[in-house]
Amino acid sequence: MSRSIGLDDTVTAYVRRANRAEPAALKRCRLETDAMGDIARMQISPEQGAFLQLCARLVSARTAVEVGVFTGYSALATVLAMREMHGSEARLYGCDVSEPYTTRAREYWDEAGVARQIELRLGDARDTLAALAGEIGGTVDMVFIDADKTGYDDYYEAALELVRPGGLVLFDNVLWSGSVADPAKRAADADAEALAELAGKVRDDDRVDMAFTTLGDGILMAVKR
C-alpha cells in the first residue's frame, strides 16, 4: 500500500492510530491486498481512505465516480461515508479494466453491504467516462482518479464534464515518488512527465480552484467553479 512520502514507520503508525478504526470489511480489504506483494502499492493507505471519506462529507457526496478501482479499498471507503449521509440513494460508479482485481473488490463490497450501491463498469475509462457523461453529466459530486498516469489529462477533462459546480476531482500519485520534481527523471518516464504536465495545467486552469497536497504520494485536488 502507498504511504506518505517522508514519513518514517513511527510517524506513519502514529497517524494511523490517530485516525478512526476502519470497518471490518475495509480493514480486511487492506490487509489482504497488502499480502499480494509489490502490486499492493496500487492500494491507497488507510489515512488516504479517511481523507476520501472526509472529502465526500465536505461536498455531501451522493454520487461519485472512481477511475481505477483495483481491489476496492478507496471505493468502499468513499461509499461507506456516502451511505451514512444519504442511505440507499448513495451511488458510486467504478471504472476499471481488470476483472480479477474487481472480482475481489466485489467480495469486500458484499461483506460491507454496499455492493448494490456501486456500479462497476469494465473497459477503457475514456469510453466508460464518455458514457457516464451522457447519463449523469453535470450531477456528480466527487471523482477520484487513480489509474494509468498518461491518461490523467483525458480523465480530467471527462471529470469536469461529470461534476457539478462545486464538485470535487482528486488525482492520486501526483508526486510519483518525487520523480515529477526531477527533469531528468521526467524525461525518462512518460508517467512522471504526464503528471507534471497535468499539475501545471490544473494550476493554470480558470475552470477550477485547486490545491496540490503531499498526502500519500501526492493528491491533487480541483473544485469546479
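One can find the structure itself at the top, above this paragraph.
The rules behind the values
- Residues numbered from 1 in each chain as written.
- Predicted model: local features only at pLDDT ≥ 70, side-chain atom pairs only at ≥ 80, totals over all residues.
- Heavy atoms only, no water.
- Salt bridge = Lys/Arg side-chain N within 4 Å of Asp/Glu carboxyl O.
- Helix = DSSP H or I, 4+ residues; strand = E, 2+ residues; numbered from the N terminus.
- Buried < 20%, exposed > 50% of the residue type's maximum accessible area, 1.4 Å probe, protein only.
- Phe/Tyr/Trp six-rings, centres within 6.5 Å; stacked < 30°, edge-to-face > 60°.
- Core = buried A, V, L, I, M, F, W, Y, C linked by side-chain atoms within 4.5 Å.
- Contact = heavy atoms within 4.5 Å.
- Pairing = 2+ DSSP bridges.
- Axes fitted to C-alpha atoms, helices over the stretch in contact; angles between N-to-C directions.
- Expected span 1.5 Å × (residues − 1).
- Right-handed = clockwise from strand over helix to strand, strands pointing away.
- Arc of directions from axis to C-beta.
- Parallel < 35°, antiparallel > 145°, perpendicular 65-115°, else oblique.
- Left-handed = near helix turned anticlockwise from the far one by under 90°.
- Nonpolar A, V, L, I, M, F, W, Y, C, P; charged D, E, K, R; others polar.

Chemist: Quick rundown of the pattern of salt bridges? Include the residues and the values.
Modeler: Two side chains with opposite charge may pair up if their charged atoms get near one another. The final tally for this structure, using the stated rule, is 21 salt bridges. Note that Glu47 and Arg16 form a salt bridge whose closest N and O atoms lie 2.8 Å from each other. Of this pair, Glu47 sits in helix H3 (residues 46-58) while Arg16 is found in helix H1 (residues 9-18), placing the two residues 31 residues apart along the sequence. Judged by relative accessible area, Glu47 falls into the buried class, the value being 6%. Glu119 is the salt-bridge partner of Arg121, the closest N and O atoms lying 2.7 Å from each other. One network of salt bridges, in which partners are shared, links Asp153, Glu157, Lys201, Asp205 and Arg207.

Chemist: With reference to specific residues and values, describe the packing of aromatic side chains.
Modeler: As enumerated under the stated definition, the model contains three aromatic pairs in all. Between Tyr152 and Phe171, the aromatic rings sit 5.3 Å apart at their centres with planes inclined by 45°, giving tilted as the arrangement. With Tyr152 in helix H7 (residues 152-162) and Phe171 in strand E5 (residues 163-172), this pair connects stretches of sequence that are 19 residues apart. Given a relative accessible area of 0%, Tyr152 falls into the buried group.

Chemist: Lay out the nonpolar core with the relevant residues and their values.
Modeler: Counting residues in hydrophobic clusters, the biggest one holds 34 residues, and the most contacted among them are Leu76, Trp109, Val114, Met142 and Leu170. Among the elements that take part in this core, helix H4 (residues 73-86) stands out by supplying eight residues, more than any other. Not counting the four nearest positions on each side in its chain, Val114 is found in contact with Leu76, Val79, Leu80, Arg83 and Trp109.

Chemist: Describe in detail the sheet that holds E5, supporting the description with residues and values.
Modeler: Taken together, seven strands build an open sheet; the order of strands is E3-E2-E1-E4-E5-E7-E6 and the sheet is mixed. One side of each edge strand has no neighbouring strand; the edge strands of this open sheet are strand E3 (118-122) and strand E6 (208-213). Going across the sheet, the axis of each strand differs from the next one's by a mean of 15°, ignoring polarity. Bridging between strand E4 (residues 140-145) and E5 involves five bridges; their strand directions are parallel. Within the sheet, the bridge partner assigned to Met142 lies in E5 and is Leu168. On top of the sheet, H4 reaches strand E1 (63-67), strand E2 (91-96), E3 and E4; it is set at about 175° to E1, its chief contact. Contacts from H7 reach E1, E4, E5, E6 and strand E7 (219-224), with the element oriented near 155° to E5.

Chemist: How would you sum up H4? Please name residues and give values.
Modeler: Along its 14 residues, H4 runs 20 Å from first to last C-alpha, staying within 8% of the 20 Å computed at 1.5 Å per residue. Counting buried positions over the 14 residues of H4 gives 11, a clear majority of the element. Within two residues after H4, Gly87 carries a phi angle of roughly 60°, on the positive side.

Chemist: Tell me about the pairing of E3, residues and numbers included.
Modeler: Sheet topology places E2 next to E3; five bridges connect them, and they run parallel. Pairing of Tyr93 across the sheet is with Glu119, part of E3. Following the chain from E2 across helix H5 (residues 99-112) to the adjacent parallel E3, one finds a crossover that is right-handed.

Chemist: An account of helix H2 (residues 24-34) is needed here, citing residue identities and associated values.
Modeler: In an α-helix, one full turn covers 3.6 residues, which means residues spaced three or four apart are oriented alike. Every buried residue of H2 is accounted for by Ala25, Leu26, Cys29, Arg30 and Thr33. Seen end-on, H2 carries its buried residues on one side only, within an arc spanning 140°. If you follow the buried residues of H2, they end up packed against H3, H4 and H5.

Chemist: Describe in detail the packing of H4 against H5, supporting the description with residues and values.
Modeler: Relative orientation of the contacting elements H4 and H5 amounts to 25°, with a least axis distance of 10 Å. Here H4 is positioned roughly parallel relative to H5, judged by the angle of their axes. You can see that H4 and H5 cross each other, and the crossing is right-handed. Facing Ala75, Leu76, Leu80 and Arg83 of H4, the residues of H5 in contact are Tyr108, Trp109 and Ala112. Taken together, the residues of the contact of H4 with H5 break down into six nonpolar, no polar and one charged.

Honestly, it's all geometry; don't read function into it.
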